[in-house]
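Each chain is listed here by its residues.
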Amino acid sequence: MRKDGGGDDESGSRKKENICGGKNEKLEVISDYFLMCVTGVQWSQNRAISLEEAVYTAESDIKVQEKRRVDLVYNLSDCVKQYDKHESEALTGLADGMSKGNNVEDVSTAIAAVTYAYPELKSNENYKQLMNELSITENMIAQYRENYNKSVTSYNRYVKKFPARIFLNWTGYKVLEF
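Residues numbered from 1 in each chain as written. Predicted model: local features only at pLDDT ≥ 70, side-chain atom pairs only at ≥ 80, totals over all residues. Heavy atoms only, no water.

All right, on to the overall build of the protein chain then. Assigned secondary structure in the protein chain consists of four helices and zero strands. For the protein chain, the sequential pattern of α-helices and β-strands runs α-α-α-α. When burial is assessed residue by residue, the protein chain has 19% of its 178 residues classed as buried. The contacts in the protein chain between residues at least 6 apart in sequence include a share of 79% that link residues at least 24 apart. Taken as a whole, the protein chain presents about 13,500 Å² of accessible surface, with 55% of it coming from carbon and sulfur. (Helix = DSSP H or I, 4+ residues; strand = E, 2+ residues; numbered from the N terminus. Buried < 20%, exposed > 50% of the residue type's maximum accessible area, 1.4 Å probe, protein only. Contact = heavy atoms within 4.5 Å. Areas by Shrake-Rupley, 256 points an atom, 1.4 Å probe, with all protein chains shown as cover.)

Printed below as a string of structure tokens:
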């Protein structure tokens, strides 16, 4: 050691730097850990939001197709009523024509009159088209329900997994019902 005490001052200042540098490093580590936790919570919440939106979209798709199905059933009902009315009028006209006489010429004339008076209304083609659309709609509803079930399963699986379940419980996310 030096007599003037210079060595003590120099080593003392180094110790102060190490102590201060150590506190800054600890503060940095704590702030980095806190930042990682906040980022992890936010990432978990963003992922849950995406999965939840997929569930809501799938549910909406089902509702749209169910509304389409109801509309098609009403259209199909109207088509059947229209076709039934047409058929009833045609058969009534034919029966009236046949009741006026038993002559073959009279019957032929009555059939021709009914044919000209009641042209084909294309109801049969409309019926076939509506039935085809209804069948397609039923298939689409089945696919959308399957998609909905997969979306709910993915969401529930994510919400139940560790560590996301801890963060998501804090923010109010719950398991969804099918």
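Scanning the entire structure with this criterion turns up one aromatic pair. Their ring planes at 75° and their centres at 6.5 Å tell us that W43 and Y158 sit as a pair that is edge-to-face. Taken together, the residues W43 in helix α1 (residues 6–99) and Y158 in helix α3 (residues 123–160) connect sequence positions 115 residues apart. Here the basic side chain of R47 rests over the ring of Y158, its NZ or CZ set 5.3 Å away from the ring centre. (Phe/Tyr/Trp six-rings, centres within 6.5 Å; stacked < 30°, edge-to-face > 60°. Lys NZ or Arg CZ within 6 Å of the ring centre and 35° of its normal.)

Summarising the element assignment, Y56 is placed in helix α1. Residues Y56 and S151 lie 95 residues apart in sequence; the distance between their C-alpha atoms is 8.9 Å.

With respect to the element layout, S44 can be found in helix α1. Look past the residues within four positions of S44 in its chain and what remains in contact with it is Y158, A164, F167 and L168.

Further remarks concern the nonpolar core. If you look at the biggest cluster of nonpolar residues, it comprises 13 residues, and the most contacted ones within it are A48, V55, Y148, Y155, Y158, L168 and Y173. Among the nonpolar cores identified, the runner-up in size contains five residues, and L72, L76, C79 and L134 belong to it. (Core = buried A, V, L, I, M, F, W, Y, C linked by side-chain atoms within 4.5 Å.)

Relative to the helices and strands, V73 is located in helix α1. Residue V73 is classed as partly exposed on the basis of its relative accessible area of 42%. For the pair V73 and M131, spaced 58 residues apart in sequence, the C-alpha to C-alpha distance is 8.8 Å.

So, on to the side chain of Q65. Note on placement: Q65 falls in helix α1. Looking at Q65, the relative accessible area reads 8%, which means it is buried. Filtering out sequence-adjacent residues up to four positions away, Q65 remains in contact with T137, M140, I141 and Y144.

Another point: the pattern of salt bridges. Evaluation of the coordinates by the stated rule reveals five salt bridges. Among the salt bridges present, the one from R145 reaches E66, with a minimum N-O distance of 2.8 Å. In this pair, R145 is assigned in helix α3 and E66 in helix α1, connecting sequence segments 79 residues apart. With a relative accessible area of 25%, E66 lands in the partly exposed category. Two residues, E133 and R68, come together in a salt bridge whose shortest N-O distance is 3.6 Å. Here the residue E133 occupies a position in helix α3, and R68 occupies one in helix α1, the gap between them amounting to 65 residues. You can call E133 partly exposed: its relative accessible area is 23%. According to the relative accessible area criterion, R68 is partly exposed, its value standing at 30%. (Salt bridge = Lys/Arg side-chain N within 4 Å of Asp/Glu carboxyl O.)

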